[in-house]
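Single-letter residue listing:
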Amino acid sequence: MAVVKRTSSNSELSTALENFYGAAEEMGLSEGLIEILSRSERMLCVSIPIEMDDGSIKVFEGFRVQHSSAIGPAKGGIRFDHEVCLDECEALGIAMTWKCALAGIPYGGGKGGVCVDVTKISKKEKEKISRTFAARIEPIVGAWTDVPAPDMNTDGQVMVWFTDTISKMRNRLEPAIFTGKPPLFWGSLGRNEATGLGVATCAIELLKVEGIDPKGATVAVQGFGNVGSFTAKFMAEAGAKVVAVSDLSGSYFNPAGIDIKAAFDHISNPANKKLLTGFAGAEFKEGGDAVIFADCDILMPCAGGSQITGKNADKIKAKYIVEGANYPTTPDGDAILKSKGIIAIPDFLANSGGVIGSYFEWCQDLSGYFWSKEEYNERLVKIMSNNFRDVWAYAKEKNVVMRRAAFMKAIQRVADRVEMRGVFM
Ligand code: NAD
């Protein structure tokens, strides 16, 4: 009996399913495992009634999807955005299963969110939404069941509201349910820089296996927010020359190397509103995507999704792409990269430093013993380097590109646990 493949009209869920079925087929995964892993274990929809500041009542929709707990508790962010829906949460939850499995951390995958336009709510309303959402998903989250984290438009403060609400409901402190909390309240030193450090570590390992000295290698970074700025900083510290950076204000080029510390100082000035607008010491070009075509060894897209597409991939000059953002390359863009022989390190390998950092926070919360930033960074670099080398060797062994190798390796790890644990009853 052939597997009846799931399809979806939601583009993210459709891509997640296509990626899974494609890799599963190439691996020769059994039909039963394909059936199990193509579905989510649990999907919860909740309503969130709130009394708004003007006294009116509004009801928001919220979701939490647990795709797999075969390896360990579901892990994945909670976002607040007007486009949040159940299908999007499932797509992102599936992606988290593979990301955690590939990272080699003891988690499954999950994702959640609230459908709300954050530009239209006050801080008080955001707190009420956060607390009511936490109360509604309380029956299914826990340090050993489901461990959410911040995502789009949620941050350390929201994680504190979640933790506080559930701790009060259960009458005991529950610090290990939510990660991404501030260091002042059961968070961890190092988390802020973790994703960028991981992206840079992957890029440096890639240069090493390709026989290129990171000192003097040229790099272009799209996006200068959390991921992009720290990626650029760690690349510069490794001796690479960051020849271009960009953000929403435009692209900035300097073939002699951009002064990353000066760029950090620039975005830290409150007058510049976290943007590079007016940054001196580089040639300005309109558009944050001009950087994609920079003359460099490594292009590092760290801004948003769908930046490298069928329309622009053929103009890329870089030999390597290391994906800091989630889904920066569309499938048709990826096909062009493959045909040009450009080596792309996939997002769920390259940006897994963030979730590995969350795992470190969970370990510290469970033990009540906190690490120094040096210990945190050292462990992160070690795990990221090993993971990169593992996937690199597997890609060579199977003669597939890095993205396919990463999917195959991750899916196999989850499938092995499902087989070992068995189908219940
Ligand atoms: P952020 O909001 O801190 O930064 C985004 C940056 O991209 C900003 O500098 C913004 O100006 C810039 N930008 C937006 N559109 C652009 C465009 N078209 N061209 C050039 N620059 C543009 O976000 P972040 O936390 O750095 O996340 C960036 C990406 O990395 C997202 O895809 C996110 O999902 C992914 N990611 C983040 C983490 C994390 O720990 N923060 C972990 C894994 C993946």
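Heads up: the structure comes first, above all this text.
Since we're looking at a predicted model, the values are computed, not measured.

Rules of the game
- Residues numbered from 1 in each chain as written.
- Predicted model: local features only at pLDDT ≥ 70, side-chain atom pairs only at ≥ 80, totals over all residues.
- Heavy atoms only, no water.
- Axes fitted to C-alpha atoms, helices over the stretch in contact; angles between N-to-C directions.
- Helix = DSSP H or I, 4+ residues; strand = E, 2+ residues; numbered from the N terminus.
- Parallel < 35°, antiparallel > 145°, perpendicular 65-115°, else oblique.
- Contact = heavy atoms within 4.5 Å.
- Nonpolar A, V, L, I, M, F, W, Y, C, P; charged D, E, K, R; others polar.
- Near = heavy atom within 4 Å.
- Polar contact = N/O pair within 3.5 Å; in protein donor to acceptor, adjacent residues only side chain to side chain.
- Areas by Shrake-Rupley, 256 points an atom, 1.4 Å probe, with all protein chains shown as cover.
- Salt bridge = Lys/Arg side-chain N within 4 Å of Asp/Glu carboxyl O.
- Buried < 20%, exposed > 50% of the residue type's maximum accessible area, 1.4 Å probe, protein only.
- Pairing = 2+ DSSP bridges.
- Core = buried A, V, L, I, M, F, W, Y, C linked by side-chain atoms within 4.5 Å.
- 1 Å grid on protein atoms, 1.4 Å probe; cavity = no way out; pocket = protein on both sides within 12 Å on 5 of 7 lines; lining within 4 Å.
- Points joined across faces, edges and corners; volume = space filled by probe spheres on them.

A.B. asks: Could you clarify how one ought to interpret the packing of helix 3 (residues 86-103) against helix 13 (residues 402-421) in this entry?
C.D. replies: Any two packed helices are characterised by the angle at which their axes cross and by the distance between the axes. Where helix 3 meets helix 13, the axes come as close as 8 Å, and the angle between the chain directions of the two elements is 90°. With respect to their mutual orientation, helix 3 and helix 13 come out roughly perpendicular. Where helix 3 abuts helix 13, its residues Thr97, Trp98, Ala101 and Leu102 lie against Ala406, Phe407, Lys409, Ala410, Ile411, Arg413 and Val414. Looking at the contact of helix 3 with helix 13 residue by residue, the classes come out as 8 nonpolar, 1 polar and 2 charged.

A.B. asks: Looking at this structure, how should I read the site of the ligand?
C.D. replies: By nearness alone, 20 residues border the ligand, and Thr195, Asn226, Val227, Leu248 and Asn326 come closest of all. In the environment of the ligand, an oxygen atom lies 3.1 Å from a nitrogen or oxygen atom belonging to the backbone of phenylalanine 224. The backbone of glycine 288 places a nitrogen or oxygen atom 3.4 Å from a nitrogen atom of the ligand. Bound to the protein, the ligand loses 69% of the 840 Å² it would expose on its own.

A.B. asks: Which parts of the structure should I look at to understand the pattern of salt bridges?
C.D. replies: Pairing is possible between side chains of opposite charge, provided their charged atoms come close. One pass over the structure, following the stated rule, counts 28 salt bridges. Of the charged contacts in the structure, one is a salt bridge between arginine 64 and aspartate 146, with a shortest N-O distance of 2.6 Å. Placement of arginine 64 in strand 2 (residues 57-68) and of aspartate 146 in strand 5 (residues 146-150) is noted, with a sequence separation of 82 residues between them. On the accessibility criterion, arginine 64 (0% relative accessible area) is buried. Using a relative accessible area of 0% as the deciding quantity, one classes aspartate 146 as buried. With its nearest N and O atoms 3.1 Å apart, the salt bridge here joins lysine 120 to aspartate 117. Given the relative accessible area of 65%, lysine 120 is considered exposed. One network of salt bridges, in which partners are shared, links Lys124, Glu127, Arg131, Asp164 and Lys168.

A.B. asks: Please clarify how the sheet that holds strand 9 (residues 283-285) should be interpreted in this entry.
C.D. replies: Sheet strands associate in pairs through backbone hydrogen bonding, adopting either a parallel or an antiparallel arrangement. Sheet architecture is open: 7 strands sit in the order 9-8-7-6-10-11-12, paired in mixed fashion. Across the chains shown, the open sheet's two edge strands, defined by having one partner strand only, are strand 9 and strand 12 (343-345). Between one strand axis and the next, the sheet turns through 20° on average, direction left out of account. Pairing analysis gives 3 bridges linking strand 11 (residues 320-322) to strand 12, with the strands arranged parallel. Within the sheet, the bridge partner assigned to valine 322 lies in strand 12 and is isoleucine 345. Where helix 6 (residues 191-209) meets the sheet, it contacts strand 10 (298-301), strand 11 and strand 12, and its direction lies at approximately 155° from that of strand 11.

A.B. asks: Honestly, the nonpolar core in this entry has me stumped. Any pointers?
C.D. replies: Generally speaking, nonpolar side chains in soluble globular proteins are found buried as a group. Residues Leu29, Trp98, Met300 and Val322 are the most contacted members of the largest nonpolar core, which totals 88 residues. Top contributing element to this core by residue count: helix 13, with 10 residues. Excluding anything up to four places from it in sequence, valine 322 contacts Val199, Cys202, Ala203, Leu206, Ile298, Leu299, Met300, Pro301, Ile345 and Ala350. If you look at the next biggest cluster of nonpolar residues, it comprises 22 residues, including Phe80, Ile166, Ile177 and Phe178.

A.B. asks: Is there a simple way to think about the environment of isoleucine 57 in this case?
C.D. replies: Along the polypeptide, isoleucine 57 turns up in strand 2. We classify isoleucine 57 as exposed; its relative accessible area is 61%. Here the alpha-carbon distance between isoleucine 57 and glycine 187, two residues 130 residues apart in the chain, equals 34 Å. Apart from residues lying up to four places away in sequence, isoleucine 57 is in contact with Ile50 and Glu51.

A.B. asks: In this structure, what is going on with the layout of surface pockets? I would like to understand it.
C.D. replies: In this approach a probe as big as a water molecule rolls over the atoms, and the regions it shows empty are the leftover space. Of the voids in this model, the second largest pocket is the one considered here, and its volume is about 310 Å³. Only helix 2 (31-37), strand 2 and helix 13 provide two or more residues apiece to the lining of the second largest pocket.

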